[in-house]
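# Coordinate analysis (summary)
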Amino acid sequence: MILLPQPASLSYGEGTFTIHYNSRIFLDSESPASLYFAAQLLQQEIEKQTGFCLAICRRHQPLGGHLIYLTTSPELSRESYTLTVTSDRVTICGSPESGVLYGVQTLRQMIRQAGAVLPSVLISDSPAMENRGFYHDVTRGRVPTLSYLKQLADTLSFYKINQLQLYIEHSYLFDDLTEMWRDDTPLTAKDILELDRYCKDLGIDLVPSLASFGHLYKLLCTKSYAHLCELEGSASAPFSFFDRQAHHTLDITNPESLALAKHILSEYMQLFSSKYFNLCADETFDLGKGASRALAEEKGTTVIYTEFVSELANFITESGRTPMFWSDVISQEPEVYHLLPKNLICLHWDYAANVSSERLTRLANSGAELLYVCPGVQGWNQLINKYHEAYENISKMARYGHECHAMGLLNTDWGDYGHINHPDFSRIGMIYGAAFSWNPEILPEAEINRQISVLEFGDASGNLVSVLDLLSHQDAYPWRTAVMVQEAMELHKNPEEAAELLRSCSEADGDASNASIDALCAVLYEKAGTIRPENRPMIYVYLLAADGLKVLNRLLPFLRASVLSDGTLPVKADCFTLAGDLERWLYSYKELWRTVSRESELYRIAHVFCWYADLLRDQNA
């Protein structure tokens, strides 16, 4: 029996318990009404897996055999539960704070694998880490539909993740910032309020997260607020996937900047029931290089950074919430950490596969007592997440977090370079984070990949995740490089810059990579009819992404010949064929995008593919 996260204690007994078609789910009459939601989840799972729709009853002493009994105990610690399966009864006893819910989620995992006949078990379980979060970018390309965000919350709760943050720069419909979102499809107050309530039923704290210092591309490109940008002239620069992330920091020497930041923080926080607020304040790359140069020379860049962050953090505290911020700027000079408010939670991120604990240790030793470790699911900049790199990064960061007694793990899912990867590709990395934050035992990569293949996808062979990891590494011409080459040639008019980027792919063999893709896709086609029915559409999503890798890889010979003068330019017919294949793939991709995301910035991804198609035709006109 595979259970993720692994329970703290599990032992098997003799015999089995059979869920009969007339079995019932009993709620203890002394337990809170919130138990009914957990009972409904269980009822729906049993019906889905067995066809039996069990009645839900409420009484102090349940009657009859073959029943499932849900009850609470105030003696259990937060989120703790016991799950006992004997020959005549299933009993879940949990803490009032999500304990019963998590017991139900474990039982649902058992039912997915065993159906109506469950093995006898005794499980005693509780989390090793109090806060287990997932961070989802809804700004840099994709703005998900509300229905998709609810599905995401369902999955998070199934794996006992209790915190969700959505990264927002401009993709919320602020009342009086119409210039910022007028060409987008932002989330609304109704969306946030509904999602907040939905998450609460699932034991998830929906924590607001808002860029309020750096990464304010759309806001600082408006006519109303461009004058508040640290670097003069940033607003007039043409759009660039790279530029949008590298610049657009607030000018902290202008009092209007603080007033604007407080204004957007105030409006946004009122939508949430959470007691936390992530003000971000990461990657303020331009600070001290423009309008604040003189101030930075006088006090030091990191010091003026802490002063502005402290103003924002104190404002959040005065509003009745606990502030959070990203660690990257302060970790460069941790000796000034004492200048920050004591209640500020430090979100320490590091996404390297070979990440060390050095920066985390320096932060902790410099006074960062309230710490989260923040690894990443390795999906940004590419069509398919790099699962091996995700495992390495998440497992190491989780171990460091347990060792330093971090108060939480926040697993990040960014959308750099347009968020081209399908958001469900991050599910595997999300499960890594769920498993390793709940239970400090780090499963070997091959073993947890096998378990995820079986439990999440219903792949009896247990090798699906390993196949997908191999597939993700066949990008001879990676999406990030493709974008940077396009920007070098179209925006910067700099062929040598493009040539240098292409030289980084000089050893890549697109034909060999595409042959590997075809072999791996053959395995996926075999699995299309054998994995769990609700996950079969994901095979199509991966196959489409694989075709995207292939059309990008096929660009390499043409680009080497046309930009590097390396080889012979493909004949006109082949170039025109590839241009058409790029456009046909894009059409299918756009259809898939719209099933889970609003229109958002899909047009920016389309522009890159269409630019390459035009380049292919122009070279052979």
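Further up the page is the structure itself.
Bear in mind that the values here come from a model prediction, so they are computed numbers and not experimental data. Think of each chain on its own: its residues are numbered from 1, step by step along the sequence as written. Local features are withheld for residues below a pLDDT of 70 in this predicted model, meaning they are given only at 70 or higher, and side-chain atom pairs are given and counted only at 80 or more; totals for whole chains, interfaces and linings count all residues. Hydrogens and water are ignored here; the side-chain numbers use all heavy atoms of the structure.

## Focus: the sheet that holds strand S2 (residues 24–27)
Convention followed: Strand pairing requires that DSSP identify at least two bridges connecting the strands. Under the DSSP-based scheme used, a helix requires at least four consecutive residues in state H or I and a strand at least two consecutive residues in state E, with every element numbered from the N terminus. Working convention: axes come from line fits to C-alpha atoms, limited for helices to the stretch in contact. Angles between N-to-C directions cover 0 to 180 degrees. Whether two residues touch is decided by their heavy atoms; if any such pair falls within 4.5 Å, the residues are in contact.
In space, the seven strands of this open sheet follow the order S1-S7-S5-S6-S4-S2-S3, with mixed pairing throughout. Where the open sheet ends on each side, the last strands, each with one partner, are strand S1 (9–18) and strand S3 (55–58). Sheet twist, expressed as the average angle between the axes of neighbouring strands with direction ignored, equals 20 degrees. Of the strand pairs in this sheet, strand S4 (residues 67–72) and strand S6 (residues 89–94) are connected by six bridges, and their pairing is parallel. Bridge pairing in S6 places Ile68 opposite Val90. Contacts from helix H1 (residues 35–50) reach S2, S3 and S4, with the element oriented near 170 degrees to S2.

## Looking at the side chain of Ser257
Quick reminder of the rule: Only protein chains enter the accessibility calculation, which uses a 1.4 Å probe; a residue is then buried when its area is under 20% of its type maximum, exposed when over 50%, and partly exposed in between.
Here Ser257 lies in helix H7 (residues 255–269). With a relative accessible area of 0%, Ser257 lands in the buried category. Excluding its chain neighbours within four sequence positions, the residues that come into contact with Ser257 are Leu228, Leu250, Asp251 and Phe308.

## Quick notes on the packing of aromatic side chains
Condition: Paired rings are identified among Phe, Tyr and Trp, the last through its six-membered ring, by centres lying within 6.5 Å, and are further divided according to the angle between planes into stacked (under 30 degrees), edge-to-face (over 60) and tilted (the rest).
Scanning the entire structure with this criterion turns up 30 aromatic pairs. Judged by centre distance (6.5 Å) and plane angle (5 degrees), the rings of Tyr432 and Phe436 are stacked. In this pair, Tyr432 and Phe436 both sit in helix H12 (residues 427–438), four residues apart, roughly one turn of the helix. Under the relative-accessibility criterion, Phe436 is labelled buried at 1%.

## Description of the environment of Lys590
Assignment of secondary structure puts Lys590 in helix H20 (residues 572–596). Sequence separation of Lys590 and Leu602 is 12 residues, and the distance between their C-alpha atoms is 7.4 Å.

## Looking at H12
Operational definition: The span expected for a helix works out to 1.5 Å for each residue beyond the first.
Compared with an ideal rise of 1.5 Å per residue, which puts 12 residues at 16 Å, H12 spans 16 Å between its outermost C-alpha atoms and is within 8% of the ideal. Burial runs high along H12: 12 of the 12 residues are buried. Residues of H12 that are buried: Arg427, Ile428, Gly429, Met430, Ile431, Tyr432, Gly433, Ala434, Ala435, Phe436, Ser437 and Trp438.

## Considering unusual backbone geometry
With omega at -5 degrees, the peptide bond leading from Leu4 into Pro5 counts as cis. Topologically, Pro5 is positioned in the segment before S1. Unlike most non-glycine residues, His405 shows phi in positive territory, near 60 degrees. With respect to the helices and strands, His405 occurs in the loop between helix H11 (387–403) and strand S15 (408–413). Take His405: its relative accessible area is 72%, and that puts it in the exposed class. Non-glycine residue Ser565 carries a positive phi angle of around 55 degrees. Checked against the element boundaries, Ser565 lands in the loop between helix H19 (555–563) and H20.

## What about the pairing of strand S7 (residues 117–125)?
The pairing of S1 with S7 spans seven bridges and is antiparallel. By the bridge assignment, Thr18 is partnered in S7 with Val117. Here strand S5 (residues 81–85) runs beside S7; their pairing, made up of five bridges, is antiparallel. By the bridge assignment, Val85 is partnered in S7 with Val121.

## With respect to the packing of H20 against helix H21 (residues 602–618)
Threshold: With respect to orientation, any angle under 35 degrees is reported as roughly parallel, any angle over 145 as roughly antiparallel, any angle of 65 to 115 as roughly perpendicular, and every other angle as oblique. Residue type decides the class: Asp, Glu, Lys and Arg count as charged, Ala, Val, Leu, Ile, Met, Phe, Trp, Tyr, Cys and Pro as nonpolar, and the leftover types, Gly among them, as polar.
Between H20 and H21, the shortest axis-to-axis distance is 8 Å and the interhelical angle comes to 170 degrees. In terms of orientation, H20 lies roughly antiparallel with respect to H21. Its residues assigned to classes, the contact of H20 with H21 shows 17 nonpolar, one polar and four charged.

## Remarks on the nonpolar core
Filter applied, for reference: We define the nonpolar core as a collection of buried residues of types Ala, Val, Leu, Ile, Met, Phe, Trp, Tyr and Cys that are connected through side-chain atoms lying within 4.5 Å of one another.
By size, the foremost hydrophobic cluster in this structure holds 213 residues, and its most contacted members are Leu70, Leu107, Tyr268, Phe325, Tyr432, Tyr477 and Tyr612. Here this core gets 11 residues from one element, more than from any other, and that element is helix H18 (residues 536–553). Those residues in contact with Tyr477, other than ones at most four positions away along the chain, are Ala482, Val485, Leu502, Cys505, Leu552, Asn553, Leu555, Leu556, Leu559 and Tyr612.

## Describing the environment of Ile431
Here Ile431 shows up in helix H12. When the C-alpha atoms of Ile431 and Met324 are compared, they prove to be 24 Å apart, with 107 residues separating the residues in sequence. Not counting residues up to four positions away in its chain, the partners in contact with Ile431 are Leu4, Tyr159, Ile452 and Glu456.

## As for the pairing of S6
Pairing of S5 with S6, which is carried by five bridges, proceeds in the antiparallel orientation. Looking at the pairing, Thr82 lines up with Cys93 of S6. Taking the residues between adjacent antiparallel strands as the criterion, S5 and S6 are bridged by three residues.

## Side note on the side chain of Ser80
Rules: Polar contact is the term for a pair of N or O atoms within 3.5 Å; when the atoms are in protein, one must be able to donate a hydrogen and the other to accept it, and sequence-neighboring residues count only if both atoms are side-chain atoms.
In this fold, Ser80 is placed in the loop between S4 and S5. Given the relative accessible area of 5%, Ser80 is considered buried. A distance of 2.5 Å separates a polar atom in the side chain of Ser80 from a polar atom in the side chain of Ser77. Sequence-distant contacts of Ser80, that is, excluding residues within four places in its chain, are made with Gly94, Ser95, Gly99, Asp125 and Ser126.

## A word on the state of the cysteines
Counted only if it meets this: What counts as a disulfide here is a pair of cysteine sulfur atoms lying within 2.5 Å.
The tally for this structure, following the rule as stated, stands at zero disulfides. Between Cys229, a free cysteine, and Cys221, which holds the nearest cysteine sulfur, the sulfur-to-sulfur gap is 7.2 Å. With no disulfide of its own, Cys374 lies closest to Cys346 among cysteine sulfurs, the gap being 8.2 Å. Classification of Cys374 by relative accessible area gives buried; the value is 0%.

## With respect to helix H3 (residues 146–158)
Along its 13 residues, H3 runs 19 Å from first to last C-alpha, staying within 8% of the 18 Å computed at 1.5 Å per residue. Buried residues of H3: Leu146, Tyr148, Leu149, Lys150, Leu152, Ala153, Leu156, Ser157 and Phe158, and no others. The inward-facing, buried residues of H3 contact helix H2 (99–114), strand S8 (131–137), strand S9 (163–168), helix H5 (189–201), H12 and H20. One or two steps after H3, the chain reaches Lys160, where phi turns positive at roughly 65 degrees.

## Some words on the pattern of salt bridges
Heads up, the rule is: Any carboxyl oxygen of Asp or Glu within 4 Å of a side-chain nitrogen of Lys or Arg constitutes a salt bridge here.
In total, this model carries 30 salt bridges according to the counting rule given. A salt bridge links Asp201 to Arg197, with the shortest nitrogen-to-oxygen separation between them at 3.4 Å. Linking Asp201 with Arg197, this pair stays in helix H5, spanning four residues, or about one helical turn. Classification of Arg197 as partly exposed rests on a relative accessible area of 44%. The network of salt bridges with shared partners includes Glu45, Arg108 and Arg112.

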